[in-house]
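Results of the structural survey
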Amino acid sequence: MKRVISISLWLLLCIPFFTACVQEESTPNGTVEVEGVTDRVQIGITFDTFVLERWIRDRDVFVYTATQLGADVIVQNANGDVERQVAQIEEFVRQGKDAIVIVPVDSYALREVIGQVNNAGIPIISYDRLIQNVRTDLFITVNSRMVGMEMAAVLKEQLPDGGNVVMITGPEKDTNSRMVAEGFREALRRSNLIIIDEIMVRTWTPEYGLHAANEALDRHNQIDAIMSGNDGLAGFVVQALSQRQLAGTVLVTGQDADIEACQRVVEGTQVMTVYKPIEPLAARAAEFAVRLANGEELLEVNETIHNNVGDIPFFSLLPVAVTRENIEEVIIDSGFHLREDVFRNVMD
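Here's a quick rundown of the structure. (Residues numbered from 1 in each chain as written. Predicted model: local features only at pLDDT ≥ 70, side-chain atom pairs only at ≥ 80, totals over all residues. Heavy atoms only, no water.)

**Focus: the nonpolar core**
Ranked by size, the top nonpolar core spans 34 residues in total, and within it I43, F62, Y127 and I140 carry the most contacts. Looking at this core, the elements that each hand over two or more residues are β2 (41-47), α2 (53-68), β3 (71-77), β4 (99-102), β5 (124-127), β6 (138-142) and α10 (278-293). Looking at this core, the element that brings in the most residues is α10, giving nine residues. When residues no more than four places from it in sequence are discounted, the contact partners of F62 are I43, I45, V73, V101, A282, A285, A286 and A289. By size, the runner-up hydrophobic cluster in this structure holds 21 residues, among which are L159, L188, M227 and A321. (Core = buried A, V, L, I, M, F, W, Y, C linked by side-chain atoms within 4.5 Å. Buried < 20%, exposed > 50% of the residue type's maximum accessible area, 1.4 Å probe, protein only. Helix = DSSP H or I, 4+ residues; strand = E, 2+ residues; numbered from the N terminus. Contact = heavy atoms within 4.5 Å.)

Structural data, given as structure tokens:
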């Protein structure tokens, strides 16, 4: 944990100097071009969205690290549109990128375009979400099953006598969301907590989150805890609870350690979030992308994960549960968020 914290702090200190020196250009198709020498390694990365705070961190650390390692990066944002993402990947192939990194909008919808990438001989990294039904060269993520298990562990500690739990999970096309849910269910099997309902949102967009929260509260008279698939959903759950004067009485979990979630943790309306070592993850993904682009083997990647067509090389980092008791150490001391921001709404 101390090593993760030190890496995070170092990266956060370095990124402002990098961004001050790099000229970025936003274009209608969502491209951010990082200028550099044309004979350097060329990497394309396409993100599902930048709606969530964490993806901006991923982007900045990835670009910084890859640039330091001698690569130029083009970043594209699909804005939740799978067809747009497919077009972006096709453009990477046309441009002859040396490696392509993908945060998939839909893990099941990229088989054909990934086939084009494979035929072009370009290495592919499936980033944070496992692309299904087609070969990729690497899947790198924070261990999602462990995320769900950390959520469950906090609820078991807070509700030792048991209680009713509702799960509000992410969309079916998000393989990480499914893994989080699997880990959560597994960790609750031998406990006094009972999962009375599970609602799967159609997409991560705000309207679905608030609707799911109200649906759960309308459907059940007694809810002791709500497992939320991420901090964005947790925010809508807390909003719905507040409207019914229940905020702080129903335990709410989340993940990503977004600043608003950390504020809710210290305020007492969200019992926990999960810190995912995003900076080390993005830095390692950038390192692997550069090495694959240069034709190097990733000898330290010694695990695999099945994606319906075969075993994909798999590298993961471990998450950390964040509660009111350890938020100073995990979030503030690491520099992930500033103390004044976390405690902004709490009186000293």
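**Brief notes about the packing of α2 against α10**
In a pair of packed helices, the angle between the axes and the distance between the axes together describe the arrangement. Across the interface, α2 lies against α10 with an axial gap of 8 Å and an inter-helix angle of 40°. Regarding the angle of α2 to α10, the classification is oblique. Judged by the twist between their axes, the crossing of α2 over α10 is right-handed. Listed contacts from α10 to R54, R57, D58, V61, F62, T65 and A66 of α2 are I278, E279, L281, A282, A283, A285, A286, A289 and V290. (Axes fitted to C-alpha atoms, helices over the stretch in contact; angles between N-to-C directions. Parallel < 35°, antiparallel > 145°, perpendicular 65-115°, else oblique. Left-handed = near helix turned anticlockwise from the far one by under 90°.)

**Looking at the sheet that holds strand β7 (residues 163-169)**
Reading across the sheet, the four strands line up as β8-β7-β9-β10 and stay open at both edges, with parallel pairing between neighbours. Two strands in the sheet have a free side with no partner beyond their single neighbour: β8 (193-200) and β10 (251-253). Averaged over neighbouring strand pairs, the angle between their axes works out to 20° when direction is ignored. Examined bridge by bridge, β7 and β8 share seven bridges and lie parallel to one another. (Pairing = 2+ DSSP bridges.)

**Remarks on the packing of aromatic side chains**
As enumerated under the stated definition, the model contains five aromatic pairs in all. Ring centres of F47 and F50 lie 5.0 Å apart, and the angle between their planes is 45°; this geometry places the pair in the tilted category. A relative accessible area of 17% places F50 in the buried class. Summarising the aromatic geometry, the rings of F288 and F315 are spaced 5.3 Å apart at their centres and angled 85° between planes, so their arrangement reads as edge-to-face. One end of the pair, F288, is in helix α10; the other, F315, is in strand β13 (residues 311-317), and 27 residues separate them in sequence. According to the relative accessible area criterion, F288 is buried, its value standing at 0%. By relative accessible area, which is 14% here, F315 ends up buried. (Phe/Tyr/Trp six-rings, centres within 6.5 Å; stacked < 30°, edge-to-face > 60°.)

**Some remarks on helix α4 (residues 111-119)**
One turn of an α-helix holds 3.6 residues; hence residues three or four places apart share an orientation. Residues of α4 that are buried include every one of V113, I114 and V117, and no others. Seen along its axis, α4 keeps its buried residues to an arc of 100°; they face one direction. Those residues of α4 that are exposed and aimed more than 90 degrees away from the buried face are R111, E112 and N119. Where α4 is buried, its residues meet α3 (82-95), β4 and β5. Directly after α4, the chain includes G121, whose backbone phi takes a positive value near 75°. (Arc of directions from axis to C-beta.)

**What about empty space enclosed by the protein?**
Evaluated as defined, the whole model comprises two cavities of 30 Å³ or more. What the largest cavity holds in volume is close to 150 Å³. If you trace the largest cavity, you find 16 residues lining it, with R129, D174, W204, Q255 and K276 closest to the centre. No other element matches the three residues that helix α6 (residues 175-188) contributes to the lining of the largest cavity. A per-class count over the lining of the largest cavity returns four nonpolar, six polar and six charged. (1 Å grid on protein atoms, 1.4 Å probe; cavity = no way out; pocket = protein on both sides within 12 Å on 5 of 7 lines; lining within 4 Å. Points joined across faces, edges and corners; volume = space filled by probe spheres on them. Nonpolar A, V, L, I, M, F, W, Y, C, P; charged D, E, K, R; others polar.)

**Some remarks on α2**
Here α2 is 16 residues long and its end C-alpha atoms lie 24 Å apart, about the 22 Å a rise of 1.5 Å per residue gives. With 13 of 16 residues buried, α2 lies mostly within the body of the structure. Backbone geometry just downstream of α2 places G70 in the positive-phi region, at approximately 95°. (Expected span 1.5 Å × (residues − 1).)

**A few points about the pairing of β7**
Across the seven residues of β7, six count as buried, placing the element largely inside the fold. Handedness of the crossover joining β7 and β8 through α6: right-handed. Sheet analysis places β7 next to strand β9 (residues 225-228), joined by four bridges and oriented parallel. Looking at β9, one finds that M167 is bridged to M227. (Right-handed = clockwise from strand over helix to strand, strands pointing away.)

**Concerning the pairing of β4**
When a strand is regular, its side chains alternate between the sheet's two faces. Here β4 shows a buried face lined by A99 and V101 and a second buried face lined by I100 and I102. As paired elements, β2 and β4 share four bridges and run parallel to each other. Opposite I43, over in β4, you have A99 as the bridge partner. With three bridges joining them, β4 and β5 adopt parallel strand pairing. Bridge pairing in β5 links I100 to I124. Where the polypeptide runs from β4 across α4 and back to β5, its parallel neighbour, the crossover connection is right-handed.

By themselves, these observations are geometric and do not establish any function.
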